[in-house]
Amino acid sequence: MTEHPAKSFFSTEHLTMEFGGLVALNDFSLTLQQGELVGLIGPNGAGKTTVFNLITGELTPTAGRIFFQGKEITGEKPHNITALGIARTFQNIRLFTDLKVIENVLVACHAHIRSFFWESLLFTPRSRREEAEMRSLAMTLLQAVGLAHLAEESAGALPYGQQRKLEIARALATQPQLLLLDEPAAGMNPQETSELMDFLQRIRQEFHVTVLLIEHDMRVVMGICERITVLDHGVIIAEGTPKEIQRDPRVIEAYLGEEESADR
């Protein structure tokens, strides 16, 4: 991996992603400081999820570079990026609905398993010890998200809001330092949204993670994000604090005005 001279916690430099003749993302540069909670907003089709797919290795950029903890990770495989300490959730929940709640978290815990495959087959002392450690970690995470009492229930039977929390618990099980959340408030009612805001603040502090958040619910974004970057048609049109973004005429025209009109 190439070393970045600035040694920043996380940054993208001039990321561009083209699909045939369509430019989904153009010259996207973003820097995150460790411990921040930063929002990424914009209209549908603005390129937000493309950013996440580039960061996590699901896509390789047409141009530009990505750095994490001073090392270049551009084009790395998704499993390598997860092992380095970057995890994500998805806009459409991707749980293993036929598995139990705790099994969903245990799947992610295996990203840090150290014993060999044959040790698992033979159930060696090291394998048994690691399995016990992973189960303990999984229960700790479920306790943190308020789902410990549902550990043995089917994940598919959980209400929507709890499924969102389970997906975040599964992401935390990979022991990330950077957590990418793709519309965690989607489909939630006002009470669930308020609980989610408190929940995200709490997990950032408890697990010492940096958070990059895609979200359409402006109450969430303006309520918990320290900084916000606004995308429109793959281009950054504004960056700043929530108050600065709310007053920016370009953002109002491209996005916030659209949201306000939809509410009327």
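Here, the structure is the one placed above.
In what follows, the accompanying structure is described. (Residues numbered from 1 in each chain as written. Predicted model: local features only at pLDDT ≥ 70, side-chain atom pairs only at ≥ 80, totals over all residues. Heavy atoms only, no water.)

## As for the sheet that holds strand β9 (residues 227–232)
Spatially, β6-β7-β8-β3-β9-β10 is the arrangement adopted by the six strands of the open sheet, whose pairing is mixed. A strand with exactly one partner marks an edge of an open sheet, and here the two such strands are β6 (86–88) and β10 (235–240). On average, each strand axis in the sheet is tilted by 20 degrees relative to the strand beside it, whichever way the strands run. Across five bridges, the pairing between β9 and β10 is antiparallel. In the strand pairing of β10, I228 is matched with G240. (Pairing = 2+ DSSP bridges. Helix = DSSP H or I, 4+ residues; strand = E, 2+ residues; numbered from the N terminus. Axes fitted to C-alpha atoms, helices over the stretch in contact; angles between N-to-C directions.)

## Here's the deal with the pairing of strand β8 (residues 210–214)
Counting buried positions along β8 gives five out of five residues, so the element sits mostly inside the fold. The alternating pattern of β8 places T210, L212 and I214 on one face and V211 and L213 on the opposite face, and all of these are buried. As defined by bridge partners, strand β3 (residues 37–41) adjoins β8 across four bridges and the pair is classed as parallel. By the bridge assignment, G39 is partnered in β8 with L213. Direction of pairing for strand β7 (residues 178–182) relative to β8: parallel, over a ladder of five bridges. The residue of β8 that forms the bridge with D182 is I214. (Buried < 20%, exposed > 50% of the residue type's maximum accessible area, 1.4 Å probe, protein only.)

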